Amino acid sequence: MQILDGKKLAKKIEQEVEFETKEFKEKTGRVPGLAVILVGNDPASATYVGMKKKACDRVGFYSVTHEMPEDISQEAIEETIKMMNKNPNIDGILIQLPLPKHIDTTKLLELVDPGKDVDGFHPYNVGRLTTGLDGFVPCTPLGVMHLLDEYDINVQGKNCCVVGASNIVGKPMASLLLNANATVEICHIYTDDLKEHTKNADMVFVGTGVINLIKEDMVKDGVVIVDIGINKTEDGKIVGDVDFEKVSKKASYITPVPGGVGPMTIAMLLSNTLKAAKLHSKEH
Ligand code: NAD
């Protein structure tokens, strides 16, 4: 069994982004800029935003966080997005999810300029991904593809089971795998007998938020396991969706949690923001 070390690869990608940022600055006289919208007091969201900001600082990006109270109006967030769309110092706009219930998330995501949509959540970029065109791809599944690539794991012709079908994890993961010629199955909460689907898969990609959802009897020998879940146990430990101890004994490759997909997500956010900055510099 080999560990897919996302922490190590993310560090390597970060160094590349830092180097390219210096080059970009020399050429254009400016640095890539990321604007983050953080609404409310959710501690997990605040932690993620803090990590993203620190990563921006490390590679030399400009970043700004718009912190807004829980009871902020839809209109006020929309105004901020419109402002960021016009701001030439901002290349990427990220709305930290989830948002409070009274906010129409879809409307906000659709308001982001697709050329600044570094999270890849705008329907324009979603459409480009499903049709196999270049665009902005959601950071988490994009990070998974980079991680597989780093370890020369080819998905072409492989039976890939994606467990979890959200717009930010499961669906784009499935699209990327399909675009890379894998045979893809998508399972979710309403899937009848999950094991029937996972046990025949060459690779299992799981992002559900359910601790120990994938157990050893649900996978075949030699399986590649990508655990996208991030969960906190009662004693405060961070774990994924896979029973790592037992499943890793059957796997050929497996991502740890933490240190697997998580760091790759942040690395991809940096690389998407740099990509956006390069596109914008060509436009001007
Ligand atoms: P979500 O709640 O939007 O979606 C969860 C998906 O899992 C749904 O499609 C649901 O049908 C499915 N699901 C739930 N319970 C299931 C079950 N028992 N069996 C089969 N399918 C089930 O969540 P999300 O935003 O997609 O996040 C999923 C997980 O991934 C969470 O743990 C989240 O913290 C983690 N996550 C990690 C990263 C990262 O950087 N590694 C990024 C985003 C999300």
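Placed above this text is the structure.
Residues numbered from 1 in each chain as written. Predicted model: local features only at pLDDT ≥ 70, side-chain atom pairs only at ≥ 80, totals over all residues. Heavy atoms only, no water.

Enquirer: What's the story with the overall build of the protein in this structure? I'm lost.
Expert: Looking only at helices and strands, the protein has 10 helices and 11 strands in total. The C-alpha radius of gyration of the protein comes to 19 Å, within 12% of the 19 Å expected for a compact globule of 284 residues. For the protein, the spread of C-alpha atoms along the principal axes amounts to about 55 × 40 × 40 Å. Counting the 284 residues in the protein, one finds 48% classified as buried. Counting only contacts in the protein whose residues sit at least 6 apart along the sequence, the fraction spanning at least 24 positions is 70%. Approximately 14,200 Å² of the protein is accessible, and the part contributed by carbon and sulfur atoms is 53%. One finds the centroid of the 32 positive side-chain charges in the protein at a distance of 4 Å from the centroid of its 40 negative side-chain charges. (Helix = DSSP H or I, 4+ residues; strand = E, 2+ residues; numbered from the N terminus. Rg over C-alpha atoms; globule rule 2.2 N^0.38 Å. Buried < 20%, exposed > 50% of the residue type's maximum accessible area, 1.4 Å probe, protein only. Contact = heavy atoms within 4.5 Å. Areas by Shrake-Rupley, 256 points an atom, 1.4 Å probe, with all protein chains shown as cover. Lys, Arg positive; Asp, Glu negative; His and termini not counted. Charge placed at Lys NZ, Arg CZ, Asp CG, Glu CD.)

Enquirer: Sorry if this is basic, but what is going on with the sheet that holds strand S11 (residues 253–254) here?
Expert: Strand pairing in a sheet relies on backbone hydrogen bonds, with the paired strands running either antiparallel or parallel. The parallel open sheet is built from six strands, whose spatial order is S1-S11-S8-S7-S5-S6. In the strand order of this sheet, the two ends are held by strand S1 (2–3) and strand S6 (183–187), each with one partner. Bridge count between strand S5 (residues 159–163) and strand S7 (residues 203–206): four bridges; the pairing is parallel. Residue pairing in the sheet places Val-162 in a bridge with Phe-205 of S7. (Pairing = 2+ DSSP bridges.)

Enquirer: Even after reading the chapter, I still don't get the site of the ligand, so can you show me in this structure?
Expert: The environment of the ligand is formed by 21 residues, the closest being Ala-165, Ser-166, Ile-189, Ile-228 and Thr-265. Here Ala-165 contributes a backbone N or O atom positioned 2.7 Å from an oxygen atom of the ligand. The separation between an oxygen atom of the ligand and a polar main-chain atom of Gly-209 is 3.4 Å. When the free accessible area of the ligand is taken as 850 Å², the share hidden by the protein chains comes to 71%. Examining the composition of the shell around the ligand, we find that three residues originate from one element, helix H10 (residues 261–283), more than from any other. (Near = heavy atom within 4 Å. Polar contact = N/O pair within 3.5 Å; in protein donor to acceptor, adjacent residues only side chain to side chain.)

Enquirer: Would you mind going over the pairing of S6 with me for this structure?
Expert: Note on strand geometry: in a regular strand, side chains alternate between the two faces of the sheet. With five bridges connecting them, S5 and S6 associate as parallel partners. Residue pairing across strands places Val-162 opposite Ile-186, the latter belonging to S6. Assessed by its sense of winding, the connection that carries the chain from S5 through helix H7 (residues 170–179) to S6 is right-handed. (Right-handed = clockwise from strand over helix to strand, strands pointing away.)

Enquirer: What exactly am I supposed to notice about the layout of surface pockets here?
Expert: One simple way to see leftover space: roll a probe sized like a water molecule over the atoms. Put simply, the second largest pocket is a space of about 200 Å³. Taken together, Ile-211, Asn-212, Asp-227, Lys-237, Val-239, Gly-240, Val-242, Asp-243, Phe-244, Glu-245 and Val-257 form the lining of the second largest pocket. (1 Å grid on protein atoms, 1.4 Å probe; cavity = no way out; pocket = protein on both sides within 12 Å on 5 of 7 lines; lining within 4 Å. Points joined across faces, edges and corners; volume = space filled by probe spheres on them.)

Enquirer: Help me understand the nonpolar core, please; the structure alone is not making it clear to me.
Expert: If you look at soluble globular proteins, the nonpolar side chains tend to sit buried side by side. Core analysis: the biggest nonpolar cluster contains 49 residues, and Val-144, Leu-148, Met-173, Leu-177 and Phe-205 have the highest contact counts within it. Those residues in contact with Val-144 that lie beyond four places of it in its chain are Met-173, Phe-205, Val-226, Ile-228 and Val-261. By size, the runner-up hydrophobic cluster in this structure holds 17 residues, among which are Ala-35, Ile-72, Ile-95 and Leu-99. (Core = buried A, V, L, I, M, F, W, Y, C linked by side-chain atoms within 4.5 Å.)

Enquirer: Mind showing me how you'd approach the environment of Pro-263 here?
Expert: Summarising the element assignment, Pro-263 is placed in helix H10. For the pair Pro-263 and Asp-202, spaced 61 residues apart in the sequence, the C-alpha separation amounts to 24 Å. Setting aside residues up to four positions removed in sequence, Pro-263 forms contacts with Gly-6, Lys-7 and Ala-10.

Enquirer: Can you walk me through the sheet that holds strand S3 (residues 62–68) in this structure?
Expert: Strand order in the open sheet made by the three strands is S3-S2-S4, with parallel pairing throughout. Every interior strand has two partners, whereas the edge strands, S3 and strand S4 (92–95), have only one. Strand-to-strand, the axes of this sheet are offset by a mean angle of 15°, without reference to chain direction. Across four bridges, the pairing between strand S2 (residues 33–39) and S4 is parallel. In the sheet register, Leu-34 faces S4, and the bridge partner there is Gly-92. (Axes fitted to C-alpha atoms, helices over the stretch in contact; angles between N-to-C directions.)

Enquirer: So what exactly am I meant to see when it comes to the pattern of salt bridges here?
Expert: The tally for this structure, following the rule as stated, stands at 12 salt bridges. Measuring nitrogen to oxygen at the nearest pair gives 2.7 Å for the salt bridge that ties Glu-14 to Arg-58. Of this pair, Glu-14 sits in helix H1 (residues 6–28) while Arg-58 sits in helix H2 (residues 43–59); the two residues are 44 residues apart in sequence, bridging distant segments of the chain. The exposure class assigned to Glu-14 is buried, which follows from its relative accessible area of 15%. (Salt bridge = Lys/Arg side-chain N within 4 Å of Asp/Glu carboxyl O.)

Enquirer: I would appreciate a short explanation of empty space enclosed by the protein in the present structure.
Expert: Scanning the model with the defined rule gives one cavity of 30 Å³ or more in all. Roughly 50 Å³ of internal volume is contained in the largest cavity. Contributing to the lining of the largest cavity are Ile-93, Leu-94, Ile-95, Leu-109, Val-112, Asp-117, Asp-119 and Phe-121. Among the elements that make up the lining of the largest cavity, the one with the highest residue count is S4 (three residues).

Treat this as a map of the structure, not an account of what it does.
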